[in-house]
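Residue-level structure breakdown
Spelled out, the chains give:
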Amino acid sequence: MKKAGLLFLSLTVALASHAAQIIRGPYLEDPTQTTIVLRWQTDVPTPSWLEYGPAPRCNQIMTVTPEGRNHKTVLYGLVPNQDYCYKVYVYNNAKDGTQEPVTGTFRTLFSAERKIVQFVAIGSTAKTDTSTPNETEESLFSAFSSAPADDSAQARERIAEAINQEKGDFLIHTGNLTLSGLNTDANDEFFTPFKSVLRHFPLFIAVGPNEYGPEREQRESKSFFATNYRRYHDMTWSNATPKYYSFDSANARFIFLDTNIAEGAAWAPELTDKSNQISWLKSTLAGASEKWKIIVMNAPAYSSGARGTNNEVFTNLVKIFEDYQVNLVLQGGDSNYERTFPMFRGEIKPRGVTYMTLGTAAPKPTKRENPDPSTARFVSARHYATVKIVDRKLSVKVFSDKGKQLDSFDLYL
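Residues numbered from 1 in each chain as written. Predicted model: local features only at pLDDT ≥ 70, side-chain atom pairs only at ≥ 80, totals over all residues. Heavy atoms only, no water.

Comments concerning the overall build of the protein
Cut-off, in case you're wondering: A helix here means a DSSP run of H or I that spans at least four residues, while a strand means a run of E at least two residues long, and both kinds are numbered starting from the N terminus. We compute the radius of gyration over the C-alpha atoms and compare it with the globule rule, which gives 2.2 Å times the number of residues raised to the power 0.38. Three labels apply to residues, based on accessible area from a 1.4 Å probe with only protein chains included: buried if under 20% of the type maximum, exposed if over 50%, partly exposed otherwise in between. Contacts are assigned to residue pairs that have any heavy atoms within 4.5 Å of one another. Values of accessible area rely on a 1.4 Å probe in the Shrake-Rupley scheme; residue burial ignores everything except the protein chains shown. Charge convention: Lys and Arg are scored as positive, Asp and Glu as negative, and His as well as the terminal groups of each chain are ignored. For the purpose of locating charges, the reference atoms are NZ of Lys, CZ of Arg, CG of Asp and CD of Glu.
A tally of regular secondary structure across the protein gives eight helices and 20 strands. Over its C-alpha trace the protein gives a radius of gyration of 22 Å, about what one expects of a compact globule, namely 22 Å for 413 residues. Counting the 413 residues in the protein, one finds 55% classified as buried. For the protein, contacts bridging at least 24 residues in sequence account for 70% of all contacts bridging at least 6. Accessible surface computed for the protein: about 18400 Å², of which carbon and sulfur atoms make up 50%. Here the protein contributes 46 positively and 45 negatively charged side chains, and the mean placements of these two sets differ by 4 Å.

What about the packing of aromatic side chains?
Test applied: Think of it this way: a Phe, Tyr or Trp ring, Trp meaning its six-membered ring, pairs with another when their centres are within 6.5 Å, and the plane angle makes it stacked under 30 degrees, edge-to-face over 60, tilted otherwise.
Applying the stated criterion across every chain yields a total of 22 aromatic pairs. Both rings, one in Tyr 84 and one in Phe 106, keep their centres 5.3 Å apart while their planes meet at 10°; by these two values the pair is stacked. Residue Tyr 84 is found in strand S4 (residues 83-89), and its partner Phe 106 is found in strand S5 (residues 102-107); the two are separated by 22 residues along the sequence. When sorted by exposure, Tyr 84 lands in the same class as Phe 106, which is buried. On the numbers, 4.0 Å between centres and 10° between planes, the contact of Phe 204 with Phe 247 is stacked. Of this pair, Phe 204 sits in strand S8 (residues 203-205) while Phe 247 sits in strand S9 (residues 245-249); the two residues are 43 residues apart in sequence, bridging distant segments of the chain.

Some remarks on the pairing of strand S7 (residues 170-173)
This is how it is decided: Strand pairing requires that DSSP identify at least two bridges connecting the strands.
By the alternation rule, side chains of S7 split into Phe 170 and Ile 172 and Leu 171 and His 173, which are all buried. For strand S6 (residues 116-122) and S7, the ladder comprises four bridges, and the chain directions are parallel. Within S7, the residue paired with Phe 119 across the bridge is Phe 170. Strand direction decides the pairing type here: S7 and S8, joined by three bridges, are parallel. What sits directly across from His 173, in S8, is Ile 205.

Here's the deal with the packing of helix H7 (residues 276-286) against helix H8 (residues 311-323)
Rule in force here: Fitted lines through C-alpha atoms serve as axes, helices being fitted only where they are in contact, and the angles separating the N-to-C directions of these axes extend from 0 to 180 degrees. Any angle that is under 35 degrees is reported as roughly parallel, and any over 145 degrees as roughly antiparallel; angles of 65 to 115 degrees are reported as roughly perpendicular and all others as oblique. It is the rotation of the near helix from the far one that decides the hand of a crossing: anticlockwise by less than a right angle makes it left-handed, clockwise makes it right-handed. Residues were grouped as follows: Ala, Val, Leu, Ile, Met, Phe, Trp, Tyr, Cys and Pro as nonpolar; Asp, Glu, Lys and Arg as charged; and all remaining residues, including Gly, as polar.
The interhelical angle for the contact between H7 and H8, taken along N-to-C directions, is 15°, at an axis separation of 11 Å. It follows that H7 is roughly parallel to H8 by the angle criterion. Along this stretch, H7 crosses H8, giving a crossing that reads as right-handed. Across from Ile 278, Leu 281, Lys 282 and Leu 285 in H7, the residues of H8 making contact are Leu 317, Ile 320 and Phe 321. Each residue belonging to the contact of H7 with H8 can be placed in one class, and the counts come to six nonpolar, no polar and one charged.

With respect to the side chain of Asp 258
For clarity, the threshold we go by: Each polar contact in these results corresponds to two N or O atoms within 3.5 Å; when the atoms are within protein, one needs to be able to donate a hydrogen and the other to accept it, and residues that are neighboring in sequence are counted only if both atoms are side-chain atoms.
Here Asp 258 lies in the loop between strand S10 (252-256) and H7. A polar contact of 2.5 Å, which involves the side chain of Asp 258, links it to the side chain of Tyr 212. Once residues within four sequence positions are removed from consideration, Asp 258 is found in contact with Val 207, Tyr 212, Lys 243, Tyr 244, Ala 268, Pro 269, Leu 271 and Gln 277.

Regarding the sheet that holds strand S11 (residues 292-296)
In space, the seven strands of this open sheet follow the order S9-S10-S11-S12-S16-S13-S17, with mixed pairing throughout. Two strands bound the open sheet, and with one partner strand each, they are S9 and strand S17 (375-379). Each neighbouring strand pair of the sheet contributes to a mean axis angle of 15°, computed without reference to strand direction. Relative to strand S12 (residues 328-331), S11 runs parallel, the two being bridged by three bridges. The partner of Val 296 across the bridge, within S12, is Leu 330. Here H7 sits on the sheet in contact with S9, S10 and S11, set at roughly 175° to S10.

A word on the nonpolar core
We apply this condition: Nine residue types can take part in a nonpolar core, namely buried Ala, Val, Leu, Ile, Met, Phe, Trp, Tyr and Cys, and a core is a set of them joined through side-chain atoms within 4.5 Å.
Residues Leu 281 and Phe 321 are the most contacted members of the largest nonpolar core, which totals 89 residues. In this structure Leu 281 touches Ile 255, Leu 257, Ile 295, Leu 317, Ile 320 and Phe 321, once residues within four positions along its chain are discounted.

Focus on unusual backbone geometry
In this chain, Gly 25 is followed by Pro 26 through a cis amide linkage whose omega measures 0°. Within the secondary structure, Pro 26 sits in strand S1 (residues 22-29). Backbone torsion omega between Ala 55 and Pro 56 reads 5°, so that peptide bond is classified as cis. Considering the arrangement of structural elements, one finds Pro 56 in the loop between strand S2 (36-54) and strand S3 (61-75). A positive phi angle is found at Arg 345, which is not glycine, with a value near 55°. On the secondary structure map, Arg 345 appears in the loop between strand S14 (343-344) and strand S15 (347-348).

Focus: the pattern of salt bridges
Basically, it comes down to this: The rule for a salt bridge is simple: a side-chain nitrogen of Lys or Arg has to be within 4 Å of a carboxyl oxygen of Asp or Glu.
Under the defined criterion, the tally for this structure stands at 17 salt bridges. Here Asp 234 ties to Lys 72 by a salt bridge, and the two come within 2.8 Å at their closest N and O atoms. Placement of the pair is Asp 234 in the loop between helix H6 (222-228) and S9 and Lys 72 in strand S3, with a sequence separation of 162 residues. We classify Asp 234 as buried; its relative accessible area is 14%.

Description of the confidence of the model for the protein
Basically, it comes down to this: Each residue gets a pLDDT score, which is the predictor's confidence in that residue and runs from 0 to 100.
Summarising the model, the protein shows a mean pLDDT of 91, and 91% of its residues fall at 70 or more. Note that pLDDT drops below 50 for residues 1-17; the model gives that stretch two contacts with residues more than four away or on any other chain. The model gives residues 134-148 a pLDDT under 50, and that stretch makes 15 contacts with residues more than four places away or in other chains.

Considering the side chain of Ser 374
In this fold, Ser 374 is placed in the loop between strand S16 (354-358) and S17. Not counting residues up to four positions away in its chain, the partners in contact with Ser 374 are Tyr 302, Arg 339, Thr 340, Phe 341 and Met 343.

If you want it as structure tokens, here you go:
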């Protein structure tokens, strides 16, 4: 009993003096020309200290977050077109000082006259689904935790390492951060492998069906999205953020849609002609003037992959994209890379809309099973894309997780 008491006392002292560890982040979201959101999580409750300033003067301003595990701070009063750096501190073991800080950088969004935008885009970071189509929902939950290891983890690491070598103002994700949609899986499948990327690239996400959970077709699933996704992400404000929203940088407007009603998500916004999302989409496109118009969504309007075109998305959105002269659509949904020719009214036209399926950064790639004449390029491989806009020219390069260039093309405004 005496030994047990001493052991308990030793454990209590060890826990009391345990230094907080940052287990998620810092990660950057919702950049504007003058603000940005920083988030991070610690394994035990602790206050945190954040220093930041215009690079390389990272310690011009300090702010403190209250004691807790989930930390969030909004930085105000920033300057457009500016590089910033920051340092996040937590207590050391003795709680008489801080550990070495976690550092990062970011760039505020560009004002309209700059005419230059650079970003990186990726698809699903979820692990490969090893379940069979006939499994019940109960067995699917079991598969999430007990599925045999595959090479998804290595692919994430390779892509994260490659993105770290790229220049970009932000990172776009076409949806499905995890297979289960559960926040408890988000570190393993997204935040940890991409932690170095997320310290420097502000994140924008197009919500995928997995974010609504494996029981998304059930009305009882209403709280899943808020509990596992909304609570941890800040996207640019709109009436339905973070489900659909838009932002401008330089001479480009980026519009993120929620297409998950077409994937059976009972609580996703409608895509019908008079729905709030479609009315908002038309208004947002109409107000873009002469800017580049880039749509980001998950379900594909054109796809020759294993799942193929989502007919509901095609029917409800394609004509709108064409009528409002959208330039580029970045989509997910199929586990492959694909680019269409410029499409208008179902035909290849020089001034049509180009669709890119950025379907997988981690899940096992699938093959082309629904051939279509719209396809200009199809590759069954994990991948990421870099995009650079300089005035009226947009240039895209796509690379595999193993460094091979899969595609490159230019568009003109």
